[in-house]
Amino acid sequence: MTIRALPSYALLAVGSIVVAFPLLLALSYSFMSESQIATFPPPLIPATPSFDNYAGVLDTIPIGRYLLNSFVVSTAVVIGQLITASLAAYAFSFLVFRGRQLLFFVFLSTLMIPWEATIIPNYITIRSIGWLDTYQGLAVPFMATAFGTFLLRQAFLQIPHELWDSARIDGASSLRFFFSMVLPLSRPILGTVAIYGFLSTYNQYFWPLLITNQTLMRTTQVGIAQLRFEETLRFGLVMAGVIMVAVPTLALLVLGQRQLVRGLTAGAVKG
Amino acid sequence: MRWNARDSRQLGIGLAYLAPSLILFAAFVFVPLAQSIYLSFFNTRATGAITTFAGLDHYLELLTSPAFRTGLLATALFALYTVPLGIALGLVLAVLLNQRLRGINVFRTMMSSTIAISAAVGALIWLLLLNPSLGLLNYILSLVGVRGPEWLIQPATAIIAVSLTTIWLTLGTNIIVLLAGLQGVPEEIYEAARLDGARGLRMFTRITVPMVSPSLFFLLVVDTIAVLQAFTQIHLLTRGGPVDATRVLVYSIYQDAFQNFQFGYASAQAVILLVLVMALTLIQFRFVERRVHYQ
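Procedures and definitions
- Numbering of residues starts from 1 in each chain and follows the order in which that chain's sequence is written.
- As a convention, the first chain written is A and the first ligand written is 1, with the rest following in written order.
- Only residues with pLDDT of at least 70 are given local features in this predicted model, and only at 80 or more are side-chain atom pairs given and counted; all residues enter the totals for whole chains, interfaces and linings.
- Where helices and strands are cited, they refer to DSSP runs of H or I of at least four residues and of E of at least two residues respectively, numbered from the N terminus.
- In this setup the radius of gyration rests on C-alpha atoms only. A globule is expected at 2.2 Å times the number of residues raised to 0.38.
- Whether a residue is buried, exposed or partly exposed is read from the other C-beta atoms within 10 Å of its own C-beta, which are placed from the backbone; 20 or more gives buried, 12 or fewer gives exposed, and intermediate counts give partly exposed.
- Throughout, a pair of residues is in contact if the C-beta atoms placed from their backbones lie within 7 Å.
- Only strands joined by at least two bridges in the DSSP assignment are considered to pair.
- The predictor rates its confidence in each residue with pLDDT, a number between 0 and 100.
- For the domains described, the bounds stem from an automatic or database domain assignment.
- Only Asp, Glu, Lys and Arg are considered charged, only Ala, Val, Leu, Ile, Met, Phe, Trp, Tyr, Cys and Pro nonpolar, and every remaining residue, Gly among them, polar.
- By this rule, a helix spans an expected 1.5 Å times one less than how many residues it contains.
- Note on definitions: angles span 0 to 180 degrees between N-to-C directions of axes, and those axes are lines fitted to C-alpha atoms, for helices only across the stretch in contact.
- These descriptions rest on fixed angle ranges, namely under 35 degrees for roughly parallel, over 145 for roughly antiparallel, 65 to 115 for roughly perpendicular, and the rest for oblique.
- By definition, turning the near helix anticlockwise from the far helix through less than a right angle yields a left-handed crossing, and turning it clockwise yields a right-handed one.
- Nonpolar cores are identified as sets of buried Ala, Val, Leu, Ile, Met, Phe, Trp, Tyr and Cys residues joined via C-beta atoms within 7 Å.

Describing the overall build of chain A
Alright, step 1. Looking only at helices and strands, chain A features 15 helices and zero strands.
Alright, step 2. Relative to the 2.2 N^0.38 estimate, which gives 18 Å for 271 residues, the radius of gyration of chain A is 23 Å and therefore markedly larger than a compact globule would have.
Alright, step 3. Dimensions along the principal axes, computed over C-alpha positions, put chain A at roughly 75 × 65 × 30 Å.
Alright, step 4. Across the 271 residues of chain A, 44% fall into the buried class.
Alright, step 5. When contacts within chain A are restricted to residue pairs at least 6 apart in sequence, those whose partners lie at least 24 apart make up 78%.

Written out as structure tokens, the structure reads:
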């Protein structure tokens with residue numbers, strides 16, 4: 001590190017702290033007593049850090065159950081998306097059939113349709129088949145992904161076609177080639193699709209708000225929002241809830257940053 | 001180009017692989033889409049069951065409704081406050097992050113951290129920051145001699161408060177996309193510009209901004225679509241209020257469908273949302289196509 005780099009580091013440090021400030025503040029307030037939060041000027045650091053707010057969250061809402069619900073639903077969506085998208089991407093990259101182009105456009109066209117524009121009929125459907133307050137109601141509508149299919153297809157197209165040719169000469173069926181060659185070779189991009197599916201499902205709010213009424217079927221995001229609508233708004237409690245809910249996604253960000261970046265930039269840079 | 005038995009067999013195999021996705025898309029995207037459009041021409045009971053044909057009534061009512069016009073205006077303001085500022089901020093931070101320094105990845109992770117943060121979590125944290133008596137925002141403003149408003153109580157500031165929250169939430173995505181764009185700019189271009197005497201701000205406006213314009217345009221479209229779909233932060237911060245100041249299109253759909261149970265009227269608004277998003281996406285597809293053509 002040279003002296004010349006110091007201004008750069010100073011700017012980077014300031015920028016990082018400003019951007020991460022709301023999150024750091026939430027962490028700090030989650031250890032603060034309500035009486036300290038009420039002092040002026042607004043405090044930054046807990047005077048006597050305690051886990052009281054976390055205990056308070058556990059007493060107020062069934063946060064463990066919410067976390068379980070969110071993990072079950074998000075994992076189910078990830079598994080569903082990996083299966084549906086990899087099968088579809090395989091057809092769009094290795095199989096030759098008439099109408100392939102047209103069907104690919106059908107897939108891409110779903111990217112233009114905002115979920116909110118179809119949410120009313122979807123709600124009516126889910127209610128009429130008795131899927132309100134169920135895991136399948138929360139998960140099944142999101143188990144197909146055009147974006148994931150698109151990402152996987154791009155990756156599958158990078159796999160040398162000679163592999164497919166020689167597999168066929170060896171008498172391998174197309175399904176066997178898919179499982180023994182294509183999927184193992186595409187692990188990184190499958191990781192991208194998985195992380196995306198998990199994050200976007202775990203962070204959902206509108207849909208779970210609509211289709212869950214029983215307390216025990218709520219997911220994390222809708223669950224912590226209840227803390228905001230308690231009779232008295234206790235910010236220490238809310239921030240403890242916020243941290244408990246955000247930790248899994250932040251851990252995923254740290255572990256899977258490379259995968260996330262790959263997904264985000266696929267649309268923007270490569271076109 | 002006759003169709004023969006081999007074509008049918010190949011199509012059958014292809015469809016077998018596509019079937020899981022196609023069935024789900026049909027059930028949860030295409031059929032509901034048609035139902036949304038269909039519902040928008042009908043009146044319904046509170047259960048959602050269709051009663052009478054309404055023709056274009058819902059659309060005509062929307063055209064003349066002051067509440068709907070206020071909502072569209074709120075949506076436009078929301079986009080105007082959120083998208084340009086969010087992208088500009090993202091670009092400045094991405095330029096800062098686009099340096100070859102030891103430990104740069106720590107800063108990159110910190111600055112892009114909001115990508116993992118849900119709208120609900122973000123909104124609840126900003127509820128604290130924006131609080132007139134307990135929040136830090138007004139305290140910081142008071143340090144520079146500005147009397148901070150009651151953000152969520154006044155119509156003019158409520159939409160700004162929701163926009164600030166949204167800018168923060170989208171910052172992570174903007175930074176990652178723009179950083180990738182910046183890393184795609186060949187070093188020789190900067191060197192050539194430097195030889196020509198370009199420095200600092202001039203380098204930024206003449207070289208950096210044009211070179212990342214594809215990423216900027218991508219974000220302009222994607223962020224605008226995201227703003228059109230934003231629901232959570234409004235539900236948690238303002239519930240559409242005060243006096244409908246933040247009752248944006250999606251929130252209006254939510255209230256008319258799930259609180260007033262006017263599914264037909266809400267569906268007409270859903271169709272308008274659909275048209276807006278489709279138009280934006282098509283613009284983006286066309287642009288990308290043209291850019292690829294030029295390269």
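Still more to cover.
Comments concerning the overall build of chain B
Alright, step 1. Regarding its fold elements, chain B presents 13 helices and two strands.
Alright, step 2. The C-alpha radius of gyration of chain B comes to 24 Å, more than 25% above the 19 Å expected for a compact globule of 295 residues.
Alright, step 3. Here the C-alpha coordinates of chain B stretch approximately 70 × 70 × 30 Å along the principal axes.
Alright, step 4. A buried classification covers 44% of the 295 residues belonging to chain B.
Alright, step 5. The contacts of chain B with a sequence gap of at least 6 include a subset with a gap of at least 24, amounting to 69%.

Observations regarding the pairing of strand 2 (residues 50-53) of chain B
Residues and elements named next belong to chain B.
Alright, step 1. The pairing of strand 1 (residues 42-44) with strand 2 spans two bridges and is classified as antiparallel. Bridging from a neighbouring strand, Phe 42 pairs with Phe 53 of strand 2.
Alright, step 2. Hairpin connection, strand 1 to strand 2: the antiparallel pair is bridged by five residues, and Gly 48 has positive phi, about 100 degrees.

Here we look at the interface of chain B and chain A
Alright, step 1. Taken together, the contact pairs 76 residues of chain B with 76 residues of chain A.
Alright, step 2. Top element by residues in the side of chain B that touches chain A is helix 1 (residues 5-39) of chain B. It accounts for 18 residues.

Digging into the confidence of the model for chain B
Residues and elements named next belong to chain B.
Alright, step 1. When pLDDT is averaged across chain B, the result is 91; 97% of the residues are at 70 or more.
Alright, step 2. Element-level pLDDT for chain B is lowest in helix 13 (residues 263-294), with a mean of 81, against a maximum mean of 97 in helix 5 (residues 119-129).
Alright, step 3. Interface predicted TM-score (ipTM) for the complex: 0.92; the corresponding pTM is 0.92.

Remarks on the domain arrangement of chain B
All names here are of chain B.
Alright, step 1. According to the domain assignment, chain B contains domain 1 (5-53) and domain 2 (67-124 + 160-294).
Alright, step 2. Distance between the C-alpha centres of domain 1 and domain 2: 31 Å.
Alright, step 3. Contact with domain 1, which involves nine residues of that partner, is made by seven residues of domain 2.
Alright, step 4. When contributions to the side of domain 1 that touches domain 2 are tallied by element, the ones reaching two or more residues are helix 1 and strand 1.
Alright, step 5. Split by residue class, the side of domain 1 that touches domain 2 holds four nonpolar, five polar and no charged.

Some thoughts on helix 8 (residues 146-157) of chain A
Alright, step 1. Here helix 8 of chain A spans 16 Å end to end across twelve residues, near enough to the 16 Å set by a 1.5 Å rise per residue.
Alright, step 2. By the burial criterion, the buried members of helix 8 of chain A are Ala146(A), Phe147(A), Gly148(A), Thr149(A), Phe150(A), Leu151(A), Leu152(A), Arg153(A), Ala155(A) and Phe156(A).

Describing the environment of Ala117(A)
Residue and element names in this part refer to chain A.
Alright, step 1. Within the secondary structure layout, Ala 117 lies in the loop between helix 5 (100-109) and helix 6 (119-128).
Alright, step 2. With 29 C-beta atoms counted inside 10 Å, the residue Ala 117 sits in the buried group.
Alright, step 3. The spatial distance from the C-alpha of Ala 117 to the C-alpha of His 161 is 40 Å, given a sequence separation of 44 residues.

A look at the packing of helix 13 (residues 220-228) of chain A against helix 14 (residues 235-255) of chain A
Residue and element names in this part refer to chain A.
Alright, step 1. Between helix 13 and helix 14, the shortest axis-to-axis distance is 9 Å and the interhelical angle comes to 170 degrees. Of the possible angle classes, the one that applies to helix 13 and helix 14 is roughly antiparallel. Mapping the contact onto sequence places Thr 220, Gln 221, Ile 224, Leu 227 and Arg 228 in helix 13 and Leu 237, Val 238, Gly 241, Val 242 and Val 245 in helix 14.
Alright, step 2. Across the contact of helix 13 with helix 14, the residue classes tally to six nonpolar, three polar and one charged.

Let's talk about the packing of helix 7 (residues 155-183) of chain B against helix 10 (residues 213-229) of chain B
Residues and elements named next belong to chain B.
Alright, step 1. Direction vectors running N to C along helix 7 and helix 10 enclose 155 degrees, while the axes themselves pass 10 Å from each other. The orientation of helix 7 with respect to helix 10, classified from their angle, is roughly antiparallel. Like other packed secondary-structure pairs, helix 7 and helix 10 cross with a definite hand, here right-handed. Packed against helix 7, whose contacting residues are Thr 166, Thr 170, Asn 174, Val 177, Leu 178 and Gly 181, the element helix 10 presents Pro 214, Ser 215, Phe 218, Leu 219, Asp 223, Ala 226 and Val 227 at the interface.
Alright, step 2. Split by residue class, the contact of helix 7 with helix 10 holds seven nonpolar, five polar and one charged.

Topic: the environment of Leu33(B)
Alright, step 1. In this fold, Leu33(B) is placed in helix 1.
Alright, step 2. With 20 C-beta atoms packed within 10 Å, Leu33(B) lands in the buried category.
Alright, step 3. In the structure, Leu33(B) is positioned 89 residues away from Gly122(B) in sequence and 30 Å away in space, judged by C-alpha atoms.
Alright, step 4. Those residues in contact with Leu33(B) that sit more than four places away from it in its chain are Ile113(A) and Thr118(A).

Structural notes on the confidence of the model for chain A
Alright, step 1. Of all residues in chain A, 97% have pLDDT values of 70 or greater, and the mean over the chain is 92.
Alright, step 2. Mean pLDDT values for the elements of chain A range from 72 in helix 15 (residues 257-268) of chain A up to 98 in helix 7 (residues 135-139) of chain A.

Some words on unusual backbone geometry
Among all residues except glycine, the phi angle is most often negative; among peptide bonds, the trans geometry is most common.
Alright, step 1. In this structure, the amide linkage connecting Phe40(A) to the following residue, Pro41(A), adopts the cis form with an omega of -5 degrees.
Alright, step 2. Examined against the element boundaries, Pro41(A) turns out to sit in the loop between helix 2 (34-37) and helix 3 (52-60).
Alright, step 3. In the segment running from Gly241(B) into Pro242(B), the intervening peptide bond is cis, with an omega of -15 degrees.
Alright, step 4. With respect to the element layout, Pro242(B) can be found in the loop between helix 11 (232-237) and helix 12 (249-258).
Alright, step 5. Phi angles above zero are rare outside glycine, and Asp133(A) is one such case at about 60 degrees.
Alright, step 6. As for its position among the elements, Asp133(A) is in the loop between helix 6 and helix 7.

A closer look at the environment of Gly191(A)
All names here are of chain A.
Alright, step 1. For Gly 191, the location among the structural elements is in helix 11 (residues 187-202).
Alright, step 2. The spacing of Gly 191 and Gln 259 is 68 residues in sequence and 6.5 Å in space, taken between C-alpha atoms.
Alright, step 3. For Gly 191, the contacting residues outside a window of four places in its chain are Gly 256 and Gln 259.

Some thoughts on the nonpolar core
Alright, step 1. Counting 159 residues, the largest nonpolar core has Val242(A) and Leu124(B) as the members making the most contacts within it.
Alright, step 2. Broken down by element, the residue count for this core peaks at 15 residues, all from helix 7 of chain B.
Alright, step 3. Formed jointly, this core draws a minimum of three residues from each of two domains, domain 1 (5-53) and domain 2 (67-124 + 160-294) of chain B.
Alright, step 4. With residues up to four places along the chain from it excluded, the contact list for Val242(A) reads Ala26(A), Ile224(A), Val121(B), Leu124(B) and Ile125(B).

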